[in-house]
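# Observations on chain architecture
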Amino acid sequence: MSSTPERKTFDLVIAANRLPVDQVVTDSGEAEWRRSPGGLVTAMDSVMRDQPGAWVGWAGEPGEPPARFDQGGVHLVPVGLSEDEVHLYYEGFSNGTLWPIYHDVIVAAAFHRDWWAAYQRVNLRFAQAVADVAAPGARVWVQDYQLQLAPAYVRALRPDVRIGWFNHIPFPPVELFAQLPWRGQLLDGLLGADFLGFQRQADAQNFVRACRQLIHAETRGGTVAVHDGSGRRVRAAAIPISIDFKGLEALARQPSVTARVAEIRESLGNPKVLMLGVDRLDYTKGIRHRLKAYQELLAEGQLGPPDVTLVQVATPSRERVAAYRQLREDVEQRVGRINGDLGVMGFPAVHYLHHSYPREEMAALFRAADIMLVTPLRDGMNLVAKEYVTCRFDLGGALVLSEFTGAWHELHQAFACNPHDIEGLKQTILRAINTPAPDKRRIMRALRRRVADHDVQRWASRFLAALDAAPARAEGGP
Ligand code: ADP
Ligand code: G6P
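The present account deals with the structure reproduced in this document. Here the structure is a predicted model, which is why all the values come from computation and not from measurement. (Residues numbered from 1 in each chain as written. Chains lettered and ligands numbered in written order. Predicted model: local features only at pLDDT ≥ 70, side-chain atom pairs only at ≥ 80, totals over all residues. Heavy atoms only, no water.)

Take the sheet that holds strand β19 (residues 415–417) next. Pairing is parallel across the open sheet formed by 6 strands, whose spatial order is β16-β15-β14-β17-β18-β19. Every interior strand has two partners, whereas the edge strands, β16 (350–353) and β19, have only one. Across the sheet, the mean angle from the axis of one strand to that of its neighbour is 20°, orientation sign disregarded. Relative to strand β15 (residues 308–315), strand β14 (residues 273–280) is paired through 8 bridges, and the arrangement is parallel. Bridge pairing links V278 to V313 in β15. (Pairing = 2+ DSSP bridges. Helix = DSSP H or I, 4+ residues; strand = E, 2+ residues; numbered from the N terminus. Axes fitted to C-alpha atoms, helices over the stretch in contact; angles between N-to-C directions.)

Printed below as a string of structure tokens:
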């Protein structure tokens, strides 16, 4: 970090839609800071704890941004969004246009010119905040789909800095991406970066193909030539994200967590099989499919309480977006029906919890669960899958994992499922339950080894090394 009398500047600047903490106004009218939801924050928070830097992001409430402050060694720089911008840029373009297009159009995407205008405006505001706190020659690391124009805006404002961008979600096939009326501008925005990171090789390839087909850029291997007269080439590569394996495992081993594991199982009536789902309440997560499969297994008498129970933890998410409201209604209705039809007195078939929990409680839940159900229809990575195996230092438990997650590309030994195939999902769940313990231990050992060797610290250093190695600007360029 360097500083001038006027303001601090930093050699590493993160820009993400959200800060790692949200400012929440409590019922008593007081403002307090809470950890923000989602995998991006889980991962970046642990990366930033190890190095000094600034984090530019939204504090989660509309209105004037709070003042900058330091937290856990990181300088937080809040960016303000008006009520309108929350609607147009965050709920609208980011989560009503891009999110569905980037997740296989599980729900229909909407295209509105005023959403796009707000997206441009807010991306520019983020870029200005970045330009303001970046030291000369700094490394700027832009995160995710909400900020795809920011790389080019930052470059225009601060040609001296090095710019990386990482996409936490899938990058869609060109046939879907091409639907976006502003596809060319989005690609140009991203090509403002020096290096672009994706979860899977297929995502990087989709991006390169989109550049070739939609803006007629010359591409070679994983690189794209930029038509701005600079002679730059931008590299796109897969660097799958991960979690803080050592830190989470140490937390999971704490005696207080061990005590809580026993309490959780006890409070559920010590079932023989405790199944667990942990998701943001998002239509990409396949919660409806999971519940349907479970309901059928119960109705057929293949499973049932009190021997078996399912705990579904669903973090509230994007609650003003219609598709998310609909999902919540569907899930809650189905949980009600399953419990009404198939529960027994004192032993509900599903324990549905619509809250956020502290990390310790999550670790205890993971340790308590015999079967972890991770069944997204599409997911960039899914850190929950990696967290589960990290917490199972006892080599207990079994992971049922959708083939449509980024995690599956690393965790092949898991019990793989196609969540669209309800019959297949049911059989996979039964197989995960019935596989002999020694085989499950062998599988869990392999899964844990993969996550231990590819943790979030390694991810961050690989990303930053790739950013540093990106070709320097050609001589004489702008
Ligand atoms: P996404 O980023 O789409 O939400 P991930 O699985 O990659 O999905 O990351 C979710 C993160 O949020 C994980 O770190 C997980 O432990 C955390 N999380 C999910 N649900 C809860 C909850 N109810 N309480 C606390 N943390 C949660
Ligand atoms: C995913 C996205 C993140 C986002 C998170 C939570 O992980 O990749 O960018 O922050 O979901 O969603 P939210 O809309 O609440 O920020």
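A complete count under the given rule lists 23 aromatic pairs for this structure. Summarising the aromatic geometry, the rings of Y89 and Y119 are spaced 6.0 Å apart at their centres and angled 35° between planes, so their arrangement reads as tilted. Of this pair, Y89 sits in helix α2 (residues 83–102) while Y119 sits in helix α3 (residues 113–133), and the two are 30 residues apart along the sequence. Accessibility expressed as a relative area gives 0% for Y89, which makes it buried. Seen in terms of ring centroids, F166 and F463 are 6.2 Å apart; in terms of plane orientation they differ by 85°. Their pairing is edge-to-face. Here the residue F166 occupies a position in strand β9 (residues 162–166), and F463 occupies one in helix α16 (residues 456–469), the gap between them amounting to 297 residues. Assessed through its relative accessible area of 0%, F463 is described here as buried. Following the ring pairs from residue to residue traces out a cluster consisting of Y102, W165, F171, F177, F198 and F207. One Lys or Arg, R253, reaches over the ring of F393 and ends 4.2 Å from the middle of that ring. (Phe/Tyr/Trp six-rings, centres within 6.5 Å; stacked < 30°, edge-to-face > 60°. Buried < 20%, exposed > 50% of the residue type's maximum accessible area, 1.4 Å probe, protein only. Lys NZ or Arg CZ within 6 Å of the ring centre and 35° of its normal.)

If the charged atoms of two oppositely charged side chains come close together, the side chains can form a pair. Going through the model one piece at a time under the given rule, you end up with 39 salt bridges. R320 is the partner of E83 in a salt bridge, and the nearest nitrogen-oxygen pair spans 3.3 Å. Of this pair, E83 sits in helix α2 while R320 sits in the loop between β15 and α11 (322–342); the two residues are 237 residues apart in sequence, bridging distant segments of the chain. Residue class for E83 comes out partly exposed when judged on its relative accessible area of 45%. Linking K426 and E300 is a salt bridge whose minimum nitrogen-to-oxygen distance equals 2.6 Å. One end of the pair, K426, is in helix α14 (residues 422–434); the other, E300, is in the loop between α10 (287–299) and β15, and 126 residues separate them in sequence. Judged by its relative accessible area of 0%, K426 falls in the buried class. Given the relative accessible area of 44%, E300 is considered partly exposed. Among the charged side chains, a salt-bridge network with shared partners connects K292, E296, E300, E423 and K426. (Salt bridge = Lys/Arg side-chain N within 4 Å of Asp/Glu carboxyl O.)

Interaxial distance between α3 and helix α4 (residues 150–157) falls to 8 Å at its minimum, and their mutual angle equals 45°. By the angle between their axes, α3 is oblique relative to α4. α4 is crossed by α3, and the crossing has right-handed handedness. Mapping the contact onto sequence places Q120, N123, L124, A127, Q128, V130 and A131 in α3 and A150, Y153, V154 and L157 in α4. In terms of residue class, the contact of α3 with α4 is made up of 8 nonpolar, 3 polar and no charged. (Parallel < 35°, antiparallel > 145°, perpendicular 65-115°, else oblique. Left-handed = near helix turned anticlockwise from the far one by under 90°. Contact = heavy atoms within 4.5 Å. Nonpolar A, V, L, I, M, F, W, Y, C, P; charged D, E, K, R; others polar.)

Glancing now at unusual backbone geometry. Between P305 and the following residue, P306, the backbone shows a cis peptide bond with an omega angle of 5°. Tracing the backbone shows P306 in the loop between α10 and β15. In this model, D104 sits at a positive phi of 60°, which is unusual for a non-glycine residue. Among the secondary structure elements, D104 is positioned in the loop between α2 and α3. The partly exposed category is assigned to D104, whose relative accessible area is 35%.

Before going further, it helps to examine the site of ligand 1. If you check the shell around ligand 1, you find 17 residues, and the closest are G39, T315, H355, Y357 and E387. One nitrogen or oxygen atom from the side chain of R280 is found 2.8 Å from an oxygen atom belonging to ligand 1. Protein burial of ligand 1: of its 570 Å² of free accessible surface, 89% is covered by the chains. When contributions to the shell around ligand 1 are tallied by element, the ones reaching two or more residues are α1 (39–48), β14, β15, α12 (359–368) and α13 (383–391). It is α13 that provides the largest number of residues to the shell around ligand 1, a total of 3 residues. (Near = heavy atom within 4 Å. Polar contact = N/O pair within 3.5 Å; in protein donor to acceptor, adjacent residues only side chain to side chain. Areas by Shrake-Rupley, 256 points an atom, 1.4 Å probe, with all protein chains shown as cover.)

Turning next to the site of ligand 2. Around ligand 2, a shell composed of 13 residues is seen, among which R18, Y90, D144, Q146 and R318 lie nearest. The contact in question runs from an oxygen atom of ligand 2 to an N or O atom on the side chain of R280, over 3.4 Å. In this structure, an oxygen atom belonging to ligand 2 sits 2.8 Å away from a side-chain N or O atom of R318. Here the residues of the shell around ligand 2 sort into 5 nonpolar, 4 polar and 4 charged.

Counting buried positions along strand β8 (residues 134–143) yields 7 of 10 residues, so the element is predominantly enclosed. Examined bridge by bridge, strand β2 (residues 8–18) and β8 share 5 bridges and lie parallel to one another. Across the sheet, L12 pairs through a bridge with R139, a residue of β8. Examined bridge by bridge, β8 and β9 share 5 bridges and lie parallel to one another. Each bridged residue has a counterpart across the sheet, and for Q143 the counterpart in β9 is F166. Since β8 and β9 lie parallel, the crossover through α4 that links them has a hand, and here it is right-handed. (Right-handed = clockwise from strand over helix to strand, strands pointing away.)

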